[in-house]
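Reading the structure
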Amino acid sequence: MPAPDFVIELIERFHQNAASYRSGRYNETQVRVEFINPLFEALGWDIQNKRGLPQDQRDVIHEDSIKVRTAQKLEELPLFQLLDSNSSASQAEANEPTEMIYTEAFRASGGTKAPDYGFRVGGERKFFLEAKKPSVNIKGDIHPAFQLRRYGWSANLPLSILTDFEEFAVYDCRVRPEKTDKAAVARMMYLTYTEYVDKWDDIAKLFSRESVLSGSLDAYIETATTRKGLVTVDAAFLKEIEDWRAALAHNIAVWNKELSQRELNYAVQMTIDRIIFLRICEDRGIEPYGRLQAIYNRQQVYAALSDLFRQADDRYNSGLFHFKKEKGRSSSPDDWTLNLYIEDEPLQRIIRHLYYPDSPYEFSVLPIELLGQVYEQFLGKVIHLSSDRRAIVEEKPEVRKAGGVYYTPSYIVDYIVKHTVGKLLEGKSPTQVSKLRILDPSCGSGSFLIGAYQYLLDWHRDYYLNNGPGKHKKELIQVSGGVWRLTTGERRRILLNNIYGVDIDTQAVEVTKLSLLLKVLEGETEQTLAPQLRLLQIRALPDLGSNIKCGNSLIGPDFYRYEQMNLLDEEERYRINVFDWDSEFPTIMQSGGFDAVIGNPPYIFTRELLTPAERNYFSEKYATTWEKQNTFMLFMELMLRLMNSVGLGGFIVPNSWLTIESAKLLRKVFTPRLTMIADLNYVVFNKVSMEPSIFIVGGSDSDSSVHVLRVTSKEEFLSTQAFEIDRARWSTQNHRIVFSRSSDGVEVVDKVVALSQMVGDAFDVRSGLQAYEQGRGNPPQTEEDVRNHIFDRDQWVDKDSFRYLQGRDVLRYRLEWSGMWMQYGPWLSQPREFEIFRRPRLLLREITSNYPYCMNAAYVSEDFLNNKSILNVLHPHDDVLDLKILLGILNSRLTSLFYKHRAVKSSRKLFPKVVIKNLREFPYPRNMSTTLRSQCLTLVERMLVLQQQAVGARTSYDRGMLQRQVGATNVQIDRLVYELYDLTDEEIKIVEADTKGDAPRSQE
């Protein structure tokens, strides 16, 4: 793409007047207006918002700098306080401070600064641009680079730009910025204006609006060389606050011996939350910059900090700062944490790491949603007190069992909110919307509630603007740049009216409150906030004690019918934490329930923590879903109880509920209410192979079609249009929820089932053995010990050793033994009956292949041990003929169709598989004529011979000829299987169309 003529004119104009532009008299505003804005307009960006889009949808958000106060004149600030030791001398000699010095002096004097440009697509930040005047040395000066990188890194952006038009530098903002970094660190591109014409194609491919929209920045980062120091801001901040927690826990436990374990956790959590809240408010211009830093060198830092907390109580009125009794407040005040003793050192360490130059964080751009992600991980651990009162931070048992904490990606939150809250808002007025009640019954750190709240804020702002901002002076305020925002009073009103949450973890409840309160203040400054509060005569924040509550959503006070309270110790009562929905939200529950129930509920119980009384309670109160004992299914049942008849509910949960037998009763209830379902056949949560589904249900039954998505990637999820399915088809197949744009394939499967018995009725299906499992039997303790039991082909094998098959060794109609041997003995944790491995049987690999032939089944009559990734099919009387006929059926195209529509894990992107329960339910003909049996046996035995010949073929000609014969025999077996089930020509076409080039996609 050649550079536009207009860009060439810009370059020529700058070149002709370069000396003038480089003088200190030509300022940043001038270069932005005359050069940088036109440059990016040439790249397709609507810099001036000529389309008139609302604030959150604009292409570019311009800097909104606010001078909170000026403590002293800039020239009175000593430069050596603002510069690191390496650069202060050279700057002083030049007697001309850079703009970064000015900026940091301004911040030190009580000001704030934001990135000059934030470029967005669809409201989502993509990159920052920081502008400098041409007199600044962008190539060599460390301070502008550090400033930009702090912005980009704190906002979790991959790339950002630093430019004065004369120079153009692109930085990888994934690299954590350090105050000692030279300007070249993490710089991925550097150009001067004389190179713009030759490099225009490179610039446009990366930063044009069209390219960014198509994912250019992410693609560039993926192909870029891995850099030292790639630490995301969420990972770094998580480590930071985890270190704070450990230090505070130790110190508070030592000096405040009267505290219980729960009180210690609360004190540490609230201290951290309060500090973070005030520090974020400083960078956003709501609090005077440096108030926390000012107490750094005082004696008794916590006493000074407590004074700031009390002042915040007067100013904000939130539960985060609530230290005295007040009429009309639902929550009890915290009348003890400010009386604790905490040494200065841990608090000084926290404060020091929150300010430049020790802190790389720029809280003015740190997304509140990202803060929630950090806290979600943070809440996965808890402080325990040992018998000698040592504070030990440990992972929670349920987190350890689940393998970690997994935060719901924002695009999933947005999708569920759009299809629940968004639908409920359609056609309503603000007065009607004020009556909507939105609930997350397992709110965690508050991601879904933040998403719902943001959606409501945007909807109200747009509604008022579309109806004339002059009519809504109490609801709207106009800030610099002509931007309209909701007033603080209106944001408070919406939060208190519409948003509700419950979580069993008291720390999670406090984090949810913190995130929501920061959302209330988002975009506010001292200048915008103070006049509103004086006018309304209120404090800035609401008390969320009546909205966000702590309790066990699943267990009500009737639990004590099963377990007398005095039989439980105090810790058990706190752990169970019964919650009465009717008394906690009486008005809502009496009116029928909540209008929207959304979230990502916990998926599995830590069963060893459950008492017998809890098990009894769940089995009676959740009879529809308790069989499998999956927590998420109980929350699904609870959702329907909490939602009113015209409401909408949306969760993201494992997709296993769509087909597993234990969810049969749940599906029977849910199927008539489903309005939308998305089966996400890809890894949504990092490091978790579980593939989830999203569902939306109504509060009452519906006859309309269900909107369905079945996707294999995030990109496909965000771009694919849903198709419609008649829900009636699911009621005919045990309410299993399977997907196909046409019902034809489903109908063929139904016909096959009607003509069949199950494989499990005619054959014995067994899983393979498991080598060892920690804590079972006499497991080997080291990898070397394992090698004492499993051998490769080059090792000596004794009489107790047998050939050993793994999943990859089993192919269609043949084995490719890798040469491994195993000793069979009591050291195996799941040894199975040894005779299984000596009888004639079929071996079926769990991991499946691509269509049209998904199954990998082989016949074996020799001694082979096999692991659990291979299923064994045996005949009760070792009838080899029946086994070989079943082999042909399993490897057929018709079985692939059945697998596609009936196996729960058939469409997984990561390791699609057939599990033992699926195999037992596969169809096997009830009656076969002698002729068909004979023909099938002949074809299968021919296939077995051809496969072995193909493996032994030496020339490419022989291999090709044999493979063609294998292909022809496949077709003959398929036709015979169609005949076994009496399929018509039209039904055969459906089978072959429905299994053409589709999932599954992955193999071992």
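All values derive from a computational prediction rather than experimental measurement. Numbers given to residues run from 1 along each chain, matching the order in which its sequence is written. A pLDDT threshold of at least 70 governs which residues receive local features in this predicted model, and a stricter bar of 80 or more applies before side-chain atom pairs are shown or counted, although totals over entire chains, interfaces and linings include all residues. The side-chain values count all of the structure's non-hydrogen atoms but skip hydrogen atoms and water molecules.

Regarding the overall build of the protein chain
Our working rule: By definition, any uninterrupted DSSP run of H or I lasting at least four residues is a helix, any uninterrupted run of E lasting at least two residues is a strand, and each is numbered from the N terminus. Burial classes follow relative accessibility: with a 1.4 Å probe on protein chains only, a residue under 20% of its type's maximum area counts as buried, one over 50% as exposed, and anything between as partly exposed. Here, residues are in contact when the closest pair of their heavy atoms is within 4.5 Å. Here the open area of atoms and residues is found with the Shrake-Rupley method and a 1.4 Å probe, where only the protein chains shown may cover a residue.
Helix and strand content of the protein chain: 38 helices and 31 strands. Split into buried and exposed, the 1004 residues of the protein chain put 57% on the buried side. A separation of at least 24 residues holds for 74% of the contacts in the protein chain among residues at least 6 apart in sequence. Element-wise, carbon and sulfur atoms account for 49% of the exposed surface of the protein chain, whose accessible area totals about 42,800 Å².

Description of the sheet that holds strand β30 (residues 870-874)
The criterion, for reference: Strand pairing is assigned whenever DSSP identifies at least 2 bridges connecting the two strands. Angles run from 0 to 180 degrees between N-to-C directions of axes, and those axes are lines fitted to C-alpha atoms, restricted for helices to the stretch in contact.
Reading across the sheet, the 4 strands line up as β21-β30-β27-β28 and stay open at both edges, with antiparallel pairing between neighbours. In this open sheet, the two strands that pair with only one neighbour each are β21 (764-767) and β28 (857-860). Neighbour to neighbour, the strand axes of the sheet diverge by 25° on average, direction disregarded. In terms of strand pairing, β21 meets β30 through 4 bridges, oriented antiparallel. Considered in β30, the bridge of Ser767 is made with Leu871. Its contacts with the sheet put helix α33 (residues 880-890) on β27 (841-845), β28 and β30, and the angle it makes with β28 is roughly 165°.

A short note on helix α6 (residues 142-154)
Filter applied, for reference: To estimate how far a helix should extend, the number of its residues minus one is multiplied by 1.5 Å. Here a polar contact is recorded for every N or O atom pair within 3.5 Å, except that within protein the pair must consist of a potential hydrogen donor and a potential acceptor, and residues adjacent in sequence are included only if both atoms are side-chain atoms.
Compared with an ideal rise of 1.5 Å per residue, which puts 13 residues at 18 Å, α6 spans 18 Å between its outermost C-alpha atoms and is within 8% of the ideal. N-capping of α6 is provided by Asp141, with a side-chain oxygen placed 3.1 Å from the backbone N of His143. One or two positions beyond α6, positive phi appears at Asn156, with a value near 65°.

Remarks on the packing of helix α12 (residues 301-316) against helix α13 (residues 344-352)
Let me state the cut-off plainly: In these notes the angle categories are as follows: under 35 degrees is roughly parallel, over 145 is roughly antiparallel, 65 to 115 is roughly perpendicular, and the rest is oblique.
At a minimum axis distance of 8 Å, the contact between α12 and α13 shows a crossing angle of 55°. It follows from the interaxial angle that α12 and α13 lie oblique. The segment α12 lies against α13, with Val301, Tyr302 and Leu305 engaging Asp344, Leu347, Gln348 and Ile351.

A look at the side chain of Arg485
Take Arg485: it is sitting in strand β11 (residues 483-486). Accessibility expressed as a relative area gives 13% for Arg485, which makes it buried. In this structure the side chain of Arg485 is engaged in a polar contact, spanning 2.3 Å, whose partner is the backbone oxygen of Glu522. Filtering out sequence-adjacent residues up to four positions away, Arg485 remains in contact with Glu475, Leu476, Ile477, Val479, Arg491, Glu522, Gly523 and Glu524.

Quick notes on a negative patch on the surface
What counts here: Patches here: salt-bridge-free residues with over 30% relative accessible area, like charges joined within 9 Å, nonpolar side chains (Val, Leu, Ile, Met, Phe, Trp, Tyr) joined within 5 Å. By definition here, a salt bridge exists when the distance from a side-chain nitrogen of Lys or Arg to a carboxyl oxygen of Asp or Glu is within 4 Å. Charge counting follows a simple rule: Lys and Arg are positive, Asp and Glu are negative, and His as well as the terminal groups are ignored. All charge positions are set by atom: Lys at NZ, Arg at CZ, Asp at CG, Glu at CD.
A cluster of like negative charges, contributed by Asp744, Glu747, Asp985 and Glu986, occupies part of the molecular surface. The set of elements that each furnish at least two residues to the negative patch consists of α30 (744-754) and α38 (985-994). Positionally, Asp744 belongs in helix α30.

A few points about helix α18 (residues 447-466)
Because the α-helix completes a turn every 3.6 residues, residues three or four places apart line up on one side. For α18, built from 20 residues, the straight-helix expectation of 28 Å at 1.5 Å per residue is met to within 8% by its first-to-last C-alpha distance of 29 Å. Gly468 occupies a position one or two residues after α18 and carries a positive phi of about 95°.

Digging into the sheet that holds strand β9 (residues 438-440)
Pairing in this open sheet of 9 strands is mixed, and the strands run β13-β12-β9-β14-β15-β17-β16-β18-β19 from one edge to the other. With one partner strand each, in any of the chains shown, β13 (548-550) and β19 (723-725) form the two edges of the open sheet. For this sheet the average axis-to-axis angle between neighbouring strands, irrespective of direction, equals 15°. In this sheet, β13 lies alongside strand β12 (residues 499-503) in parallel orientation, the contact comprising 3 bridges. By the bridge assignment for β13, Gly501 is matched with Ile548. Contacts from helix α20 (residues 506-521) reach β12 and β13 within the one sheet, and its direction differs from that of β13 by about 170°.

Points about the nonpolar core
Convention followed: Among buried residues, the Ala, Val, Leu, Ile, Met, Phe, Trp, Tyr and Cys ones that are joined through side-chain atoms within 4.5 Å form a nonpolar core.
One finds Phe277, Trp657, Phe695 and Phe717 to be the most contacted residues of the largest nonpolar core, which totals 169 residues. Apart from residues lying up to four places away in sequence, Phe277 is in contact with Tyr316, Leu320, Phe321, Leu514, Leu517, Leu518, Leu521 and Leu541. The next biggest cluster of nonpolar side chains, apart from the first, holds 54 residues, and it includes Val765, Leu883, Leu919 and Phe922.

Here's the deal with the packing of aromatic side chains
For clarity, the threshold we go by: A pair of Phe, Tyr and Trp rings is counted when the ring centres sit within 6.5 Å of each other, with Trp represented by its six-membered ring. The angle between the planes then sorts it: under 30 degrees is stacked, over 60 is edge-to-face, the rest tilted. Counted as over-ring charges are cases with an Arg CZ or a Lys NZ within 6 Å of the ring centre that also lie within 35 degrees of the ring normal.
Throughout the structure, instances matching the rule amount to 57 aromatic pairs. Measuring from centroid to centroid gives 5.1 Å for Phe763 and Tyr924, while their planes differ by 85°, and the two rings are edge-to-face. On the criterion of sequence distance, the pair formed by Phe763 in the loop between α31 (759-762) and β21 and Tyr924 in strand β31 (residues 923-925) is long-range, its members being 161 residues apart. An identical accessibility class is assigned to Phe763 and Tyr924; each is buried. Positioned over the ring face of Phe585 is Lys549, at 5.0 Å from the centre of the ring. The side chain of Arg812 reaches across the aromatic face of Tyr853, ending 4.3 Å from its centre.

Details of a nonpolar patch on the surface
A cluster of nonpolar residues, Val254, Trp255 and Tyr341, forms a patch on the protein surface that exposes about 300 Å² of accessible area. Turning to its location among the elements, Trp255 is positioned in helix α10 (residues 233-255). Taking relative accessible area as the criterion, Trp255 reaches 45% and is therefore assigned partly exposed.

Here's the deal with the pattern of salt bridges
Evaluation of the coordinates by the stated rule reveals 54 salt bridges. The salt bridge partner of Asp201 is Lys205, with a shortest N-O separation of 3.2 Å. Pair noted here: Asp201 and Lys205 are both in helix α7 (residues 200-207), with a separation of 4 residues, about one helical turn. Residue class for Asp201 comes out partly exposed when judged on its relative accessible area of 23%. Taking relative accessible area as the criterion, Lys205 reaches 55% and is therefore assigned exposed. Asp334 is the salt-bridge partner of Arg274, the closest N and O atoms lying 2.9 Å from each other. Separated by 60 residues along the polypeptide, Arg274 in helix α11 (residues 261-283) and Asp334 in the loop between α12 and α13 bring together distant segments of the chain.

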